[in-house]
Amino acid sequence: MLAEFCPSHGAFCRTTYADLHISPEKLFTTTEILMTQSIDLATHASLISLQHSIDLLRHAMRTLEGYKTHPGDATLIGVPADQIRSLEIVLARTETKQKNFIDGHVVAAAEAETVARRSALARLKPIINKAKTDVLSAEELLTALNDEPDPKVARGRFLSLNGDSLTVRDEQEILTFPDARPLPKKYAAANSHTLTVIVTSVDVTSADAHFTLIDKFLPSPLFTKDDVGFRKVITRIADSGDLRCLNLCMAYGVSVPVELAISVNIGGAGLGYTATLIRLVNRADTMNSLKKTMETENQSLFD
């Protein structure tokens, strides 16, 4: 055994090894495969699913943990760095179970879909550049995503262009490369918006209120028609008087117009909305509506 040194983990000594045995039912594309040792397989493949590879690595990790006699705080299970550097993760187009005219030739299908992807990425790259320099507004982001054939797919593609430590390429160009500038998760709207809301909860400790938007026509592109009556906005309330008023509106089910500075949070699970309350719009009208509702309900309460 030899002592080695890793800048991240310090001195270490390799003691035990696990070689992966690839099961034939997890393979794709009959061809030749190079392995660290000879294994008799019913079929051979040039591509193994990433999920199966992860499962194998996890199995190897658990097995090596069972073999260890080293102290828990002096044990490391890993992959040699030179092997990781040469590891290539591949996205492949396969034939579908339900054949169609395009899938009749998988190469033609793959080429057409790759061209479509390049076009989609070209449309997103301008907003990626603005996002990484913190000058992209929520309106610009949502306009770009909603202009795509499938906004949900476009959102995932946008998030995949974060850069971080990956280089992604196809046969013709580099699609993304390592970039120290991360994509922000939150995008502020360029303008404030006046919206009518129902208050669904108030947290007096954190000074947050949860609003549900009930306007028949919500400002585009921040919202869609599907958001009416469903979209929730978590809102910070700076003024204690506004917080008390909103608490009463929640208790008596009184809707209230508010002016909000809105931010859109984008993630893999979808869009989330947060805001800061600028003011209660028509505060006097809201207080009058609240007063009448309270008088009516309180009178009937004791009848």
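Caption draft 1: Seen up close, the pattern of salt bridges. Scanning the model with the defined rule gives 11 salt bridges in all. Of the charged contacts, one joins glutamate 148 and arginine 123 as a salt bridge, the two residues approaching to 2.8 Å between their closest N and O atoms. Of this pair, glutamate 148 sits in the loop between α4 (138-146) and α5 (151-160) while arginine 123 is found in helix α3 (residues 106-132), placing the two residues 25 residues apart along the sequence. Across the salt bridge formed by aspartate 226 and lysine 225, the nearest N and O atoms sit 3.9 Å from each other.

Caption draft 2: Highlighting the packing of α3 against α5. Contact geometry for α3 and α5: axes closest at 10 Å, N-to-C directions at 55 degrees. On the basis of their axis angle, the class for α3 and α5 is oblique. Note on packing geometry: the crossing formed by α3 with α5 is right-handed. Between α3, through Ala120, Leu121, Leu124, Ile127, Ile128 and Ala131, and α5, the contact on the second element is made entirely by Ala154, Arg157 and Phe158. Tallied by class, the residues present in the contact of α3 with α5 amount to eight nonpolar, no polar and one charged.

Caption draft 3: Seen up close, the nonpolar core. The biggest cluster of nonpolar side chains holds 47 residues, and the ones touching the most others in it are Phe158, Tyr187, Phe211, Leu260 and Ile262. When residues of this core are traced back to their parent elements, those giving at least two are α3, α4, α5, β8 (193-203), β9 (208-213), α6 (240-252), β11 (256-267) and β12 (270-280). With six residues, the top contributor of residues to this core is β11. Excluding its chain neighbours within four sequence positions, the residues that come into contact with leucine 260 are Ser192, His193, Leu195, Phe211, Val233, Thr235, Ala275, Thr276, Leu277 and Ile278.

Caption draft 4: Region of the structure containing the pairing of β9. Relative to β9, β8 is paired through six bridges, and the arrangement is antiparallel. In the strand pairing of β9, valine 202 is matched with alanine 209. Between the antiparallel neighbours β8 and β9 lie four residues, among them alanine 207 with a positive phi of about 60 degrees. With five bridges connecting them, β9 and strand β10 (residues 232-236) associate as antiparallel partners.

Caption draft 5: Seen up close, α5. Of all the residues in α5, the buried ones are Ala154, Arg155 and Phe158. One side of α5 carries all its buried residues, which in axial view fall inside an arc of 105 degrees. For α5, the secondary structure elements touched by its buried residues are α3, α4, β7 (186-188), β11 and β12.

Caption draft 6: Spotlight on the environment of leucine 260. Mapped onto the elements of the fold, leucine 260 is located in strand β11. For the pair leucine 260 and leucine 195, spaced 65 residues apart in sequence, the C-alpha separation works out to 7.6 Å.

About the cut-offs
Each residue is numbered by its place in its chain's sequence as written, counting from 1. Under the rules for a predicted model, residues below a pLDDT of 70 receive no local features and side-chain atom pairs below 80 are neither given nor counted, while totals for whole chains, interfaces and linings still include all residues. For side-chain calculations, the full set of non-hydrogen atoms in the structure is used, while hydrogens and water are omitted. Each salt bridge in this description consists of a side-chain nitrogen of Lys or Arg and a carboxyl oxygen of Asp or Glu lying within 4 Å of one another. Helix and strand labels come from DSSP, where a helix needs a run of H or I of at least four residues and a strand needs a run of E of at least two; each type is numbered from the N terminus. Convention adopted: a line fitted to C-alpha atoms gives each axis, helices being fitted over their contacting stretch, and angles between N-to-C directions are expressed from 0 to 180 degrees. Convention used here: angles under 35 degrees read as roughly parallel, angles over 145 as roughly antiparallel, angles from 65 to 115 as roughly perpendicular, and any remaining angle as oblique. Note on convention: the crossing is left-handed when the near helix lies turned anticlockwise from the far helix by less than a right angle, right-handed when the turn is clockwise. A contact between two residues is defined here by any heavy atoms of the two lying within 4.5 Å. Any residue outside Ala, Val, Leu, Ile, Met, Phe, Trp, Tyr, Cys, Pro, Asp, Glu, Lys and Arg is labelled polar, Gly included; the first ten of those are nonpolar and the last four are charged. Here, nonpolar core means buried Ala, Val, Leu, Ile, Met, Phe, Trp, Tyr and Cys residues that are tied together by side-chain atoms lying within 4.5 Å of each other. Note on exposure labels: buried denotes an accessible area under 20% of the residue type's maximum, exposed denotes more than 50%, and partly exposed covers the range between, all computed with a 1.4 Å probe on protein chains only. Paired strands, in this sense, are two strands between which DSSP finds at least two bridges. It is the directions from the helix axis to the C-beta atoms that the arc portrays.

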